[in-house]
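# Understanding the architecture of this molecule
Below, each chain spelled out in residue letters.
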Amino acid sequence: MTGNAKKYCDELYKRVVARNANEPEFHQAVQEVLESLVTVLEKHPEYIELGIVESIVEPERQIIFRVPWTDDTGNIRINRGFRVQFNSAIGPYKGGLRFHPSVNVGIMKFLGFEQIFKNSLTGLPIGGSKGGSDFDPKGKSDAEVMRFCQSFMTELYRHIGQDVDVPAGDIGVGGREIGFLFGQFKRIKNAFEAGVLTGKGLLYGGSLARKQATGYGLIYFADEMLKAKGMSFADKTVIVSGSGNVSIYAVEKAQQVGGKVVAMSDSNGYIYDADGIKIDTIKQIKEVDRKRISEYIKAHPTAEYHTGCEGIWTMACDIALPCATQNEINEADAKILVNNGCKVVAEGANMPTTLEGTKVFLDNGILFGPAKAANAGGVATSALEMSQNSMRLSWTFEEVDAKLKNIMINIFKNASSAAEEYGHKDNLVVGANIAGFVKVAEAMRAQGLV
Ligand code: NDP
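Nothing here was measured: the structure is a model prediction, and the numbers come from that model.

Because the α-helix completes a turn every 3.6 residues, residues three or four places apart line up on one side. Looking at helix α12 (residues 331-339), one finds that the buried residues are Asp333, Ala334, Leu337 and Val338. The buried residues of α12 occupy one face: seen down the axis, they fall within an arc of 135°. As for α12, its buried residues are in contact with β6 (237-240), β10 (319-321) and α13 (355-363). The distance from a side-chain oxygen at the start of α12 to the backbone nitrogen of alanine 332 is 3.1 Å, and the residue carrying that oxygen is asparagine 330.

With mixed pairing, five strands are arranged side by side in an open sheet as β1-β2-β4-β3-β5. Single-partner strands in this sheet number two, and they are β1 (61-70) and β5 (165-168). Averaged over all pairs of adjacent strands, the angle between strand axes in this sheet comes to 20°, irrespective of strand direction. Looking at chain direction, β1 and strand β2 (residues 76-87) are connected through 10 bridges and run antiparallel. Opposite isoleucine 63, over in β2, you have arginine 83 as the bridge partner.

A few words on the site of the ligand. The ligand sits among 26 residues. The nearest are Asp170, Thr214, Ser267, Arg292 and Asn350. Between the ligand and the protein, one listed contact pairs an oxygen atom with a side-chain N or O atom of asparagine 350 at 2.8 Å. Starting from 890 Å² of accessible surface for the ligand in isolation, the protein chains cover 84%. Secondary-structure elements contributing two or more residues to the shell around the ligand are α8 (210-228) and α9 (245-256). Looking at the shell around the ligand residue by residue, the class counts come to six nonpolar, 13 polar and seven charged. No fewer than three residues from each of domain 2 (61-193) and domain 3 (212-374) sit in the shell around the ligand.

If you trace the seven strands from one edge of the open sheet to the other, you get β9-β8-β7-β6-β10-β11-β12, paired in mixed fashion. Whereas interior strands pair on both sides, the edge strands pair on one side only; in this sheet they are β9 (304-307) and β12 (367-369). Here the average twist between neighbouring strands, direction ignored, is 15°. Where β6 and β10 come together, three bridges link them in parallel fashion. Considered in β10, the bridge of valine 238 is made with isoleucine 319.

What counts, and at which threshold
- Residues numbered from 1 in each chain as written.
- Predicted model: local features only at pLDDT ≥ 70, side-chain atom pairs only at ≥ 80, totals over all residues.
- Heavy atoms only, no water.
- Buried < 20%, exposed > 50% of the residue type's maximum accessible area, 1.4 Å probe, protein only.
- Helix = DSSP H or I, 4+ residues; strand = E, 2+ residues; numbered from the N terminus.
- Arc of directions from axis to C-beta.
- Contact = heavy atoms within 4.5 Å.
- Polar contact = N/O pair within 3.5 Å; in protein donor to acceptor, adjacent residues only side chain to side chain.
- Pairing = 2+ DSSP bridges.
- Axes fitted to C-alpha atoms, helices over the stretch in contact; angles between N-to-C directions.
- Near = heavy atom within 4 Å.
- Areas by Shrake-Rupley, 256 points an atom, 1.4 Å probe, with all protein chains shown as cover.
- Nonpolar A, V, L, I, M, F, W, Y, C, P; charged D, E, K, R; others polar.
- Domains from an automatic or database assignment.

Structure follows, in structure tokens:
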């Protein structure tokens, strides 16, 4: 079989590109996974023969819909809504909603595809999906965001459900948006089905520690990577891109475990504070005031602000945590990080490193934690929120946090041992893809060609 699996993956990749034209992010995500699977498919040619590999790169269902709403001046606005239900072999579809002007079907598909493997890695029974809209919540009033969310849910509600598909937040969708979406779902259905959305407010079915989960989970994962090599966060210089939900709680936990975070960013620029970022100031600017990160230097005049978010990767650091968006680290950025002494990269955002950038890190022996594994704490805790909703009870913060930590430790162990078993020791990119894939592939085999 040697050689055949590689040939099959190359040909399948070409078909995916031809069939999904103009979707470069989706092609990138598929290419990385197919390259990782070659050694598995050599051992298990039945995954090819049974059509499992070909099926897994094709979404089960894609929904695209119109979202009409009126702004505060009475103007009619039309946005586009998406939900890509990629794979339900191991559980109901599960994945976030992204509201950002860059959203298109290719970005939804890359995110939904990645979600299959990530959700499988958590060890919890959740399939993969993703959705969102090209609506930009930035600069909109609360009333405009509410009207948009209500219109969006008026179509989406018929495609989701606590045993069907369970959306959550992502870029541009936080507690405020989830609240408006849940309210409209409840009104249309005339039923309080709490498990239909996760990331809910604590007063109506949300889970303690969900807000912190992706960022905290990222640090628990990175800590395992460090420990495996006899290192720790103590006294390490850390840079974290972005200043949203994932970034803020990654910084908070990195500081708790002894790291010194010196830089953060938003889409306009980055701040550098040699004394260590004051996370309470960032929370006030981003979570409460919804303003730009440049405001930070008003409160801390010794810090620096630089326009252009890409510049953050030129800062010297031991640990880099990209937590903003896809492809924010390219080959050139990766080389600069390596030359400046960076030893560890763990991805909080989804696919923040290009394939060329990832290669630079792996070739230079950088400890590299891929998004599917490293940022799975968010969706894992969403699944814990679903469990609490089903049982109609709430666990304490400490209980949820302990479960999250345990899940992240297990993801690290599973990805590392899969990498080793298939001859790619220390390559967590390959290890995470293999460990995530095998479980879904076995479930698909058991369920037949559906
Ligand atoms: P938020 O909307 O809370 O924050 C996003 C942050 O990234 C903001 O600082 C934003 O800056 C910046 N950003 C967004 N788009 C761009 C861009 N095109 N260029 C530069 N900066 C950008 O989102 P989250 O923190 O929830 O998500 C961040 C990443 O983490 C995403 O890749 C998401 O898919 C991933 N993720 C999120 C999970 C979650 O639980 N929330 C779970 C797993 C992964 P600005 O304010 O200027 O727009």
